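# Observations on the three-dimensional arrangement
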Amino acid sequence: YTYLHPGEAELIDADLVRDTCLVGTAEELIERIQELERGGLRELMWATGWMHDANDVISPLLGLPQLPVVDLDEPQIDVVKSDQLNWKTETLVEVAAGRPFVWIDDEITGTDRTWVAENHPGSALLFRIDAHFGLTEADLAAVERWLRNL
C-alpha cells in the first residue's frame, strides 16, 4: 500500500477496490463527494502512502479526476505505535495552513488528535475509519455533518 513495485499496479482492479474500501459503485462515490462539495468541501487531495500512484491506479478505478497529492515524507510504517504521531500528521497540518480540514485515515490516534488541536489554529476533523470495512456511508455522513457545522 505504500510504494508500488513493478507489477503491483496490475494486481489492483475495480473489484478489489470495491470489495475492500468503497461506499458503493464509483458513480455513487462520485455523487457522495459532490454532495460533500456542496456541503462545504473545498479541495479533495490524496494523502496516502500510494503517493502519486493513487492518481494512476486508484483514481481511474473510482472515476475520480487527477487530484493534488500531499507531498509526504517516506512512510514509517514499520515503527507505528498507538502513542506515536502518525507520519502524515505534521505535513497535513502544514498543508492546511490554518484552514479547516478533514483527514480520513485508518491509522489516526489520540496522539494525532491532540497534536493537531495544539498545533493547528483552524478546525480539523480527524476521522478514523475501520480498515476492515473501509470508507462507509456512515463515515461520509459524519464528515458531511461536520462540514455543515463549520
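Residues numbered from 1 in each chain as written. Predicted model: local features only at pLDDT ≥ 70, side-chain atom pairs only at ≥ 80, totals over all residues. Heavy atoms only, no water.

Moving on, we come to the packing of helix H4 (residues 89–96) against helix H5 (residues 110–119). Where H4 meets H5, the closest approach of the two axes is 10 Å, and the angle between their N-to-C directions is 30°. Crossing of H4 against H5: the hand is right-handed. Here Thr89, Glu90 and Val93 of H4 come into contact with H5, specifically with Asp112, Trp115, Val116 and Asn119. By residue class, the composition of the contact of H4 with H5 is 3 nonpolar, 2 polar and 2 charged. (Axes fitted to C-alpha atoms, helices over the stretch in contact; angles between N-to-C directions. Helix = DSSP H or I, 4+ residues; strand = E, 2+ residues; numbered from the N terminus. Left-handed = near helix turned anticlockwise from the far one by under 90°. Contact = heavy atoms within 4.5 Å. Nonpolar A, V, L, I, M, F, W, Y, C, P; charged D, E, K, R; others polar.)

The next thing to look at is the environment of Ala131. Here Ala131 is to be found in the loop between strand E2 (124–128) and helix H6 (137–148). A residue is classified by how much of its surface remains accessible, and Ala131, at 47% relative accessible area, is partly exposed. (Buried < 20%, exposed > 50% of the residue type's maximum accessible area, 1.4 Å probe, protein only.)

Across all of its chains, the model carries 2 salt bridges by this definition. As a salt-bridge pair, Arg99 and Glu43 come within 3.6 Å of each other at their nearest N and O atoms. Taken together, the positions of Arg99 in the loop between H4 and strand E1 (101–105) and Glu43 in the loop between helix H2 (26–38) and helix H3 (53–62) put the pair 56 residues apart, joining distant regions of the chain. Residue class for Arg99 comes out partly exposed when judged on its relative accessible area of 41%. Given a relative accessible area of 41%, Glu43 falls into the partly exposed group. In this structure, the salt-bridge partner of Asp105 is Lys88, at a minimum N-O distance of 2.7 Å. Residue Asp105 is found in strand E1, and its partner Lys88 is found in the loop between H3 and H4; the two are separated by 17 residues along the sequence. Since its relative accessible area comes to 5%, Asp105 is described here as buried. (Salt bridge = Lys/Arg side-chain N within 4 Å of Asp/Glu carboxyl O.)

Turning our attention to H6. The terminal C-alpha atoms of H6, which comprises 12 residues, lie 16 Å apart, in line with the 16 Å expected from a rise of 1.5 Å per residue. Within the sequence span of H6, burial applies to Asp139, Leu140, Ala142, Val143, Glu144, Trp146 and Leu147. (Expected span 1.5 Å × (residues − 1).)

Here the focus is the confidence of the model for the chain. With 77% of its residues at a pLDDT of at least 70, the chain reaches an overall mean of 79. Low pLDDT (under 50) marks residues 1–6, which in the prediction has 20 contacts with non-local residues, meaning those over four places away or in another chain. Note that residues 18–22 has pLDDT below 50 and, in this model, 10 contacts with residues that lie over four places away or in other chains. (pLDDT = per-residue confidence, 0-100.)

Counting 22 residues, the largest nonpolar core has Trp46 and Ile58 as its most contacted members. The set of elements that each furnish at least two residues to this core consists of H2, H3, E2 and H6. Here the element with the most residues in this core is H6; it accounts for 5 residues. Ile58 has contacts with Trp46, Trp50 and Asp53, leaving out every residue within four places of it along the chain. With 13 residues, the next largest nonpolar core counts Val70, Leu72, Val116 and Leu126 among its residues. (Core = buried A, V, L, I, M, F, W, Y, C linked by side-chain atoms within 4.5 Å.)

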